[in-house]
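# Report on the structure
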Amino acid sequence: MTALQKNFIAGDWVDGSGITRDINPSNTNDVVGEYAKADKAQTEKAIAAAKGAFPAWSRSTPQERFDALNRISTEILARKEELGRLLAREEGKTLPEGIGEVARAGQIFAFFAGEALRLMGEKGASVRPGLEVEITREPVGVVGMITPWNFPIAIPAWKIAPALCYGNTVVFKPAELVPGSAHALSEIIARSGLPAGVFNLVVGSGSVVGQTLLEHPDVSAISFTGSVATGRKIAQACVLSNPMKKFQLEMGGKNPLVVLDDADLKVAVEVAVNGAYFSTGQRCTASSRLIVTSGIHDRFVAAMTERMKGLSVGDALKSGVHVGPVVDQSQLDQDLRYIKIGQDEGARLYWGGELLNRETPGFYLQPALFTEANNAMRIAREEIFGPVACVIRAKDYEEALAISNDTEFGLASGICTTSLKYASHYKRNSEAGMVMVNLPTAGVDYHVPFGGRKGSSYGAREQGSYAREFYTTVKTAYANPG
Ligand code: ADP
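Residues numbered from 1 in each chain as written. Predicted model: local features only at pLDDT ≥ 70, side-chain atom pairs only at ≥ 80, totals over all residues. Heavy atoms only, no water.

What follows covers the site of the ligand. Surrounding the ligand, one finds 18 residues, the nearest of these being Thr147, Lys173, Glu176, Ser227 and Thr230. Lys173 places a side-chain nitrogen or oxygen 2.8 Å from an oxygen atom of the ligand. The backbone of Gly206 places a nitrogen or oxygen atom 3.4 Å from a nitrogen atom of the ligand. Protein contacts shield 79% of the accessible area of the ligand, which totals 550 Å² for the unbound molecule. One can see that the ligand is located within the largest pocket. Elements that contribute at least two residues to the shell around the ligand include exactly helix H7 (206-215), strand S10 (221-225) and helix H8 (228-240). Considering each element in turn, the shell around the ligand owes the most residues, four residues, to H7. Residues that form the shell around the ligand fall into these classes: seven nonpolar, eight polar and three charged. (Near = heavy atom within 4 Å. Polar contact = N/O pair within 3.5 Å; in protein donor to acceptor, adjacent residues only side chain to side chain. Areas by Shrake-Rupley, 256 points an atom, 1.4 Å probe, with all protein chains shown as cover. 1 Å grid on protein atoms, 1.4 Å probe; cavity = no way out; pocket = protein on both sides within 12 Å on 5 of 7 lines; lining within 4 Å. Sits in = over half its atoms within 2 Å of the grid points. Helix = DSSP H or I, 4+ residues; strand = E, 2+ residues; numbered from the N terminus. Nonpolar A, V, L, I, M, F, W, Y, C, P; charged D, E, K, R; others polar.)

Looking along a regular strand, one sees side chains alternate from face to face of the sheet. The element strand S16 (residues 388-394) is extensively covered by neighbouring structure, given that six of its seven residues are classed as buried. The pairing of strand S13 (residues 287-293) with S16 spans five bridges and is parallel. The residue bridging Val292 from the neighbouring strand is Arg393, located in S16. The pairing of strand S15 (residues 368-373) with S16 spans four bridges and is classified as parallel. (Buried < 20%, exposed > 50% of the residue type's maximum accessible area, 1.4 Å probe, protein only. Pairing = 2+ DSSP bridges.)

Our focus in this paragraph is the packing of aromatic side chains. What describes a pair of aromatic rings is the distance from one ring centre to the other and the angle between the planes of the rings. Tallied over the full model, the rule gives nine aromatic pairs. With a centroid separation of 6.4 Å and an interplanar angle of 80°, the aromatic rings of Phe111 and Tyr446 are classed as edge-to-face. Within this pair, whereas Phe111 is found in helix H4 (residues 95-118), its partner Tyr446 is found in the loop between strand S18 (434-437) and strand S19 (457-458), the two being separated by 335 residues in sequence. Classification of Phe111 by relative accessible area gives buried; the value is 15%. Site record: aromatic cluster; members linked through ring pairs are Phe111, Phe112 and Tyr446. Above the ring of Phe151, the side-chain terminus of Lys93 is found at 3.7 Å from the ring centroid. (Phe/Tyr/Trp six-rings, centres within 6.5 Å; stacked < 30°, edge-to-face > 60°. Lys NZ or Arg CZ within 6 Å of the ring centre and 35° of its normal.)

What follows deals with the domain arrangement of the protein. Split into domains, the protein comes out as domain 1 (7-251 + 456-479) and domain 2 (255-437). The interface is formed by 24 residues belonging to domain 1 together with 28 residues belonging to domain 2. Of the roughly 2,100 Å² buried between domain 1 and domain 2, counting both surfaces, carbon and sulfur atoms make up 59%. It is Ser26, Trp149 and Ser456 that lose the most area in domain 1 upon contact with domain 2, and together they represent 26% of the buried surface on that side. Linking domain 1 with domain 2 are zero salt bridges. The interface formed by domain 1 and domain 2 contains ten residue pairs in polar contact (both at pLDDT 80 or more). For the side of domain 1 that touches domain 2, the secondary-structure elements that each account for two or more residues are strand S4 (27-36), helix H3 (80-91) and H4. Per element, the largest residue contribution to the side of domain 1 that touches domain 2 is four residues, and it comes from H3. Here the residues of the side of domain 1 that touches domain 2 sort into eight nonpolar, nine polar and seven charged. (Domains from an automatic or database assignment. Contact = heavy atoms within 4.5 Å. Buried area = accessible area lost by both parts, 1.4 Å probe. Salt bridge = Lys/Arg side-chain N within 4 Å of Asp/Glu carboxyl O.)

Now the structure itself:
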């Protein structure tokens, strides 16, 4: 058992006023670590530290920002196997998925190291004779980050890196289920040469630490990824706070994957299995609605089932495992509840969906495939966030597109087809922030924007150079040079 891991406030590692136990979902007897829980007063201290550090950091040079972000990137990448193992152990995605996520976090910091050197303004002539106009971007201030458990290092990275890059200071509140990756990332950030207070870690609950960030007048912006229900509360709190806060929300998805008659069946099955079940289906970009046209429907279902039989579900750290456990008991209960709802609604549980026993006690669930589902069913409308997908039959492309867009979400969508005509039409007409052709709905690049429409997202896009929209505020300056 390792020592109690502390919070990082104003440049010091400090004890909290409670303990969060980090449990391995592949083996609930395995305690990954114990983490000090911050309370309201400590969160306020972290906010004060971030506020105090802001004036100097907001005026730091691009070189200073580059150096810090580059050091963070270098250490993350050098330690990706070790950190990937920690991530897989605490979250339950497989070891290769864990290592891949850590590498992604390193790449994100490298990208924003470069971005720090590229921030430029604009200068133009005024419509009034002799005057000059300049447009520049300035940091927003103290940014609070509230993150979920499903990407314990990549999501914090894609919020923290741009925040620091553009001169903001940070108070980071990770999800309670995954303090280990957050703590490891914070240790790396703590030794990157940033002045005390620029970055702060406060592990704790949404209702205490999260709420304090939302209510505090010295927090200027909140970047949130999590559920729709919490997102709504965050939006309300940000608008009611005085002064109002800038906010950005990434929430759920009910992402469609359309499979057309002319699809390459092998490609379609790989894309669907990856999108629906990898990372245990616990990705906001997972494909949970497989909308399949009549001519390929039966062949697709048969090939999908064969492919699913070959998936090995087990301990996330074991080699050869394709699908790790569900993250915890309450998520498992939710997955099982939806499997029952689907059956009660009249969909056919075609394959999987049962609990599995493995050598160690863990939350093992056989990936589930429903057929004979329709788009009005709750399993087709509500986000389950587990390895559960349903096949919806469509008569042709037009109907498939209509079903695809008939959802209150709009994060990612995909189509499998060999037709350029349908691929192009779908890219233009799919009401989603990210559209994939012959690719899984989950799995994105880090140098381009990430985000959705409708009920999935609110506010500016994350990632790539588009991240500057959220992490900077625009200033328009006029001058009369005389
Ligand atoms: P998930 O189901 O992905 O855990 P949540 O929306 O419940 O989604 O949680 C995402 C993040 O939001 C977590 O860090 C959680 O602690 C935080 N959170 C939950 N409720 C609140 C709240 N009322 N105020 C602020 N943060 C919250």
